[in-house]
Each structure stands twice: as structure tokens, then as C-alpha cells.
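Breakdown of the fold
Given next are the chains, with one letter for each unit.
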Amino acid sequence: MTSVAIFKWAMNPHDERIGANGAIKWLANRPEIGDDDYLAVQVAKDADPNGEVVGLTMASGDTAFAAARGAERTVTVEGLDAFAQPTQVAAALANAVREVDGASLVTIGDSAWSPMTPSLLAAYLGWPCLLAVDSVVPEDDALVVTRRYGTGTQSVRVSGPIVLGVAARREEAEKPGMRTVLQARKKPVGKTHAATEGSPQLSVSGIHEPDARPSKVFDGADASAAAAQLVAALKSEGVL
Amino acid sequence: MGNVWMIIADDLSASSVAGVARASGREVDAFVFGPAARAEQVARYGVSSVTRFDAEAAPAEGFAKDFAHRALEERPAAVVLSDDATARVLAGFVAAELHAPVATSVVSIAFDGEKTTVEQMVAEDAGVQVLEATGPVVCVVADGCPDAEEAAPMTVQEGTLDSFASFGVVSNEAAGAGATGLATAERVVGVGLGIGAKENLAMVDELASALDAAVTCTLPLCDNYHWFEHSSVVGTSTQKISPRLYVACGVSGAPQHLAGVRGAKVIVAINNDPDAPIFRECAYGIVGDVTKVLPSLVEAIENA
């Protein structure tokens, strides 16, 4: 099986600010490694320990992230603005996946940074999709995918091409060492041009301040008085 | 002029999704994936129709293509959903079929002829960006939007869709006891690093007991200090909650944690740092030493 593990594809919204002129400004100008990216590579490897894993990234700069975690090679998507809309990013990723011969599994972080991109990617590919995935186990010619479901988990047997949105519960336990990273940088890196023509987009017509949030803060220097004020307020809210 | 479609595949945020959909001024058609009780609850949110699709035997994600075909036939004016994983899969296929753009963290939708205007929260809720498109837009609703007012219940219609995926449910595993309580709790007390020491958790338990509340924690108290099970953590990488009251004790308000509690109707913060981000999110707060405030708060609640 050939799997495509997507990493470093979304801007970190924590870098988004409102500037003094009222416009949005970003503290970064390229996608960052997401919290789920390491698990996307791991799940691709777990799906077929003897198969090929191809790393795919929207980023420039160091592209050895997936290679350092087991990917045989990496493809970078070039020519797309870092602040592209989810439809454009998904279209570019879908086109890049189509160019990977024999790819039948795509793993991508089910990122809170851009929550619609994984399912758009699946839709553009025409492949089924499961999100909030914890892990996969190969079983005969299928995969058993465990994903978060309701307040618990659900295991689903899937066969055929699929996009899995992977959601890490914890930080990566053991990051690759410097020697591994340096070796990974010697692995092949290919490039492809972002094909996003015709992707539907929204246009920005303005920005304004949100409605003021009614917030009441009490001074806790006198803890008893503050507690009494808070309890009175919560009773008036009807939540006590 | 098409109706607004809402896709509901979870119980936590249906009311606020309906609130945004109804505020658009258009008729709202609800498509509910899951148990009958979920559909019956959605039927009370003032929608024009409710169609339920059973997702017990086969994951609803398999219906995505057929559901998108229905959207292409009926041409909704907009599609609204929460960030639930199943709803996002269905909406992604609808967006692709309708050739529609998508917006996240949406707080309002308006229509003017063929023009659709969407407002979305940006820069960690510091601003509201106004977006426009011609035709339908797929909108993931922001956490914490106002609930829809309840109305006379509509009759739930049962729908069927074909699956295009080779899916088979192998097993369903229930969550740990902590998570189960959190998902349905009306009141939740949260604890963060500001609690200071493990022995101070007894104060948190006393507050939770006084409030008849469940207890949750931030990620470091689980991963770094091992004071809680992972099922007790709330945040981006774990779970989201939407209680009526959330009391954050010694919680600074890291984005990772706030993303999990923004669905709470009333957030209360107790922290000794007046510049802590949690105070920008709360409805009420006390700036003070949490170990001194908590006993007073328990006493005040018991005397109320």
C-alpha cells in the first residue's frame, strides 16, 4: 500500500492578530507543524508497515518532518499563498495526491486550525472519509480504524481508498533525534505546483470589533465579599 | 430562494447551530444523523422540517455522496453545522457538490438576493470578519452562539441514503466515567495549574459537590502531573463540553483549553492573575488566590 501523510499544511490561528489599523495581520508567513501531524505519519505507517509512506506538505523551509518519522520521500506543493482558503488548500492537496502513483490512503491532521480541509480533500478526491481518528490496524486487505465517537470510541472496518483525519490526544512522546533528522534531509524531495483553478472562495468585505462581552470581575482581596457577589450574580443568571 | 440546511450529528451544539440558522431569516431544514431522541430534540428548535437518518448500523460518513446529491437537487441557500467530525465529513461533500466556499467560526449568516454574507470570529475572537459570496456557503458555527428558542415540535421524517463507502462497525467502546459525566453535566468545575498543589484539589471537589458539578482539568494536570485521567481533560485534543455553568479554578485560559469550554453558557473564572486570558472569555470572574476564594465560594453557595 502507498500512503500519503500530509503535514505542515495549515496556518496557526494563534498567530492571527488585529493590527492597529483594524486589519488582520499574521505573526507568521508559512504553515506550521500541527499538533496532529506526527500521528498522521504514524497512522500511515501503521496501516501497512511494509508499504510506502509519502510525505506531502504545503510548506517551504525544512520539509524533513515526515521523512524523519519514516516516510520514504516527500512532495512539496508550491505556488499557493499561505493564507489560501480551505477549498484552495484542499484542491491543491487533492491534485498532489492524485500524482502519487498507487496512493490509496491519505492521513492528515484533523486540525482545529482548519476543520473543513480534510473532508474537502476527501470530497475532491471522491474518497470516503473518517475524522477524529485515533489509530488504525491492518486486517487482511482492510483497515480497522478507531475513531472518537460520541463520548467514547468506535472501531470501523474500511476497505478501499480513504482519507483519515487523525486527531492526537497527546504530544509526540519521542521526537526524532538530530541524527535522524539530518539523515531524513537526504531523502528525496519532489515538487508539484498547486492546482487550485476554479476553487470557490469567499471575499472579505470588512472587519469589525465583536460585540462587547458582558464581563463582571470581582476583587478577591475580600474573598467572602467576592464570593457572595458572584453567587448573587449566578443566581440572577439562573445557573444556581 | 432555498432554505438553510443544518446538519446535526451530535447532541452538544444542535441548539446553537439552530440559533444561527434561524437568525438568517430563512426557513430551516434540519438533517439529523443518529438516534431518534436527537431528532426529536432538534424538532423543537423552530425548524421547518426534520429528517432523520439512522447511523447505528453503518457510519453516517458513508452517506456523504448521496446526501450531497440531494443538496445539489434542492440547492440550499446555506449549510450550517457544528465542528462535529461526522457533520464535517457530510458538509465537505456538500460543499464540493455545490461548488460552495466554506467558512468556520461563523456567528451569523445573511442573504441579499443571491449574495450571502457571513460573519466569522477571527484572531482568537478579537475581531469579526465579514465575508461574501454569490450562492450557498457551508458554515461551521462558532462555539457559544446563542441557542435557538424552542417552539412547537415538528414531526420527524425518517430518511434513507445510500452508502458509497465500504464501512462496517466492528465495535463501540464507552468512554471512561469522567468523560461520560462531563458530556452531560449541567455544571462543570475546571482546574488548572493555578491550583498550586495536589492537596488543594480537595477544595475543588468541595466546590463541585456544592454545585453538584462534574470536575475537569487542563491538559498539563493530566499529562505532566498525572493528577487526573485523560478522560477528564477538556480541550482541543480531547473533548468539548457545553454545560450551563463552567467554573474555571486556577485556569489561565490557554487556547487549547478554551476551545473545549467555549460552548458553556456561563463561564466563571477564579485566578490571581488579572491579565490571564480566561478573564477575556468569562462572564464573571474573581481576581484572587484560588485557595482563599474557593472555601468562601463553597460557603456562599451552601448559604444561598
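Note that the structure is predicted; figures quoted are calculated from it, not measured.

Calculation rules
Residues numbered from 1 in each chain as written. Chains lettered and ligands numbered in written order. Predicted model: local features only at pLDDT ≥ 70, side-chain atom pairs only at ≥ 80, totals over all residues. Helix = DSSP H or I, 4+ residues; strand = E, 2+ residues; numbered from the N terminus. Rg over C-alpha atoms; globule rule 2.2 N^0.38 Å. Buried ≥ 20, exposed ≤ 12 C-beta atoms within 10 Å, placed from the backbone. Contact = placed C-beta atoms within 7 Å. pLDDT = per-residue confidence, 0-100. Nonpolar A, V, L, I, M, F, W, Y, C, P; charged D, E, K, R; others polar. Pairing = 2+ DSSP bridges. Axes fitted to C-alpha atoms, helices over the stretch in contact; angles between N-to-C directions. Core = buried A, V, L, I, M, F, W, Y, C linked by C-beta atoms within 7 Å. Domains from an automatic or database assignment.

Focus: the overall build of chain B
Looking only at helices and strands, chain B has 9 helices and 15 strands in total. At 21 Å, chain B has a C-alpha radius of gyration in line with the 19 Å of a compact globule built from 304 residues. Overall size of chain B, expressed as C-alpha extent along the three principal axes, is 60 × 45 × 35 Å. Taking all 304 residues of chain B together, 56% fall into the buried category. In chain B, of all internal contacts separated by at least 6 residues, the share reaching a separation of at least 24 is 63%.

What to know about unusual backbone geometry
Located in the positive-phi region is Asp140(A), a residue other than glycine, with phi close to 55°. Of note, Asp140(A) is situated in the loop between β7 (129–139) and β8 (142–149). In this structure, Arg75(B) is a non-glycine residue whose phi angle is positive, near 50°. Position of Arg75(B) among the secondary structure elements: in the loop between α3 (64–74) and β4 (78–81).

Topic: the confidence of the model for chain B
Atom-level detail of predicted coordinates should not be read off regions where pLDDT is low. Here chain B averages 93 in pLDDT, while 98% of its residues score no lower than 70. For this predicted complex, the interface score ipTM comes out at 0.93, while the overall pTM is 0.88.

Comments concerning the interface of chain A and chain B
If you look at the interface, chain A gives 72 residues, while chain B gives 76 residues. Among the elements that line the side of chain A that touches chain B, the one with the most residues is helix α5 (residues 223–237) of chain A, at 11 residues. The residue makeup of the side of chain A that touches chain B, split by class, is 41 nonpolar, 19 polar and 12 charged. Two elements, strand β12 (residues 203–208) of chain A and strand β7 (residues 127–134) of chain B, share 5 bridges in a ladder whose sense is antiparallel. The residue bridging Val204(A) from the neighbouring strand is Leu131(B), located in β7(B).

A word on the environment of Leu297(B)
Inspection of the secondary structure assignment puts Leu297(B) in helix α9 (residues 290–303). A count of 30 C-beta atoms within 10 Å places Leu297(B) in the buried class. Sequence-wise, Leu297(B) and Val247(B) are 50 residues apart; in three dimensions their C-alpha atoms are separated by 11 Å. Each residue touching Leu297(B), except ones within four places of it in the same chain, is listed here: Ala227(A), Leu230(A) and Leu207(B).

Re the sheet that holds β12(A)
Pairing between the strands of a sheet is mediated by backbone hydrogen bonds and can be parallel or antiparallel. Spatially, β12(A)-β7(B)-β6(B)-β5(B)-β8(B)-β4(B)-β1(B)-β2(B)-β3(B)-β9(B) is the arrangement adopted by the 10 strands of the open sheet, whose pairing is mixed. Only two strands of the sheet have a single neighbouring strand rather than two, namely β12 of chain A together with β9 (156–158) of chain B. Between one strand and the next, the sheet's axes are offset by a mean angle of 30°, whatever the strand orientation. Pairing analysis gives 5 bridges linking strand β2 (residues 28–33) of chain B to strand β3 (residues 49–53) of chain B, with the strands arranged parallel. Counterpart to Ala30(B) in the pairing with β3(B) is Val50(B).

A look at the nonpolar core
For soluble globular proteins, nonpolar side chains are generally found buried alongside one another. Among the nonpolar cores identified, the biggest contains 131 residues, and Leu93(A), Met6(B) and Cys139(B) are the most heavily contacted of them. Here this core gets 10 residues from one element, more than from any other, and that element is helix α4 (residues 85–98) of chain B. Sequence-distant contacts of Met6(B), defined by excluding residues within four places in its chain, comprise Val17(B), Ala18(B), Ala21(B), Val28(B), Ala30(B), Val80(B) and Leu81(B). In this structure, Ile195(B), Val215(B), Val268(B) and Ile270(B) belong to the second largest nonpolar core, which totals 55 residues.

Details of the domain arrangement of chain A
When the parts come together, some accessible area is lost, and that loss is often what is quoted as the size of the interface. Assigned domains within chain A: domain 1 (2–193) and domain 2 (213–240). Its C-alpha centre places domain 1 of chain A at a distance of 45 Å from the equivalent point of domain 2 of chain A.

Examining the pairing of strand β8 (residues 137–141) of chain B
Residue and element names in this part refer to chain B. In terms of burial, β8 is a largely internal element, 5 of the 5 residues being buried. Bridge count for strand β5 (residues 102–112) against β8 is 3 bridges, and the pairing is parallel. Each bridged residue has a counterpart across the sheet, and for Val106 the counterpart in β8 is Val141.

Here we look at the pairing of strand β9 (residues 152–159) of chain A
When β8(A) meets β9(A), the two strands line up antiparallel, connected through 7 bridges. Within the sheet, the bridge partner assigned to Arg148(A) lies in β9(A) and is Thr153(A). Pairing of β9(A) with strand β10 (residues 166–173) of chain B involves 7 bridges; the strand directions are antiparallel. Pairing of Arg157(A) across the sheet is with Gly168(B), part of β10(B).

Let's talk about the sheet that holds strand β13 (residues 216–219) of chain A
The 6 strands lie next to each other as β13(A)-β15(B)-β14(B)-β13(B)-β11(B)-β12(B), forming an open sheet whose pairing is parallel. Whereas interior strands pair on both sides, the edge strands pair on one side only; in this sheet they are β13 of chain A together with β12 (214–217) of chain B. Here the average twist between neighbouring strands, direction ignored, is 20°. Summarising the sheet, strand β13 (residues 245–249) of chain B and strand β14 (residues 266–271) of chain B pair through 5 bridges and their orientation is parallel. Bridging from a neighbouring strand, Ala248(B) pairs with Ala269(B) of β14(B). Sheet contacts for helix α6 (residues 201–211) of chain B: β11 (187–191), β12 and β13 of chain B; angle to β11(B), the most-contacted strand, approximately 170°.

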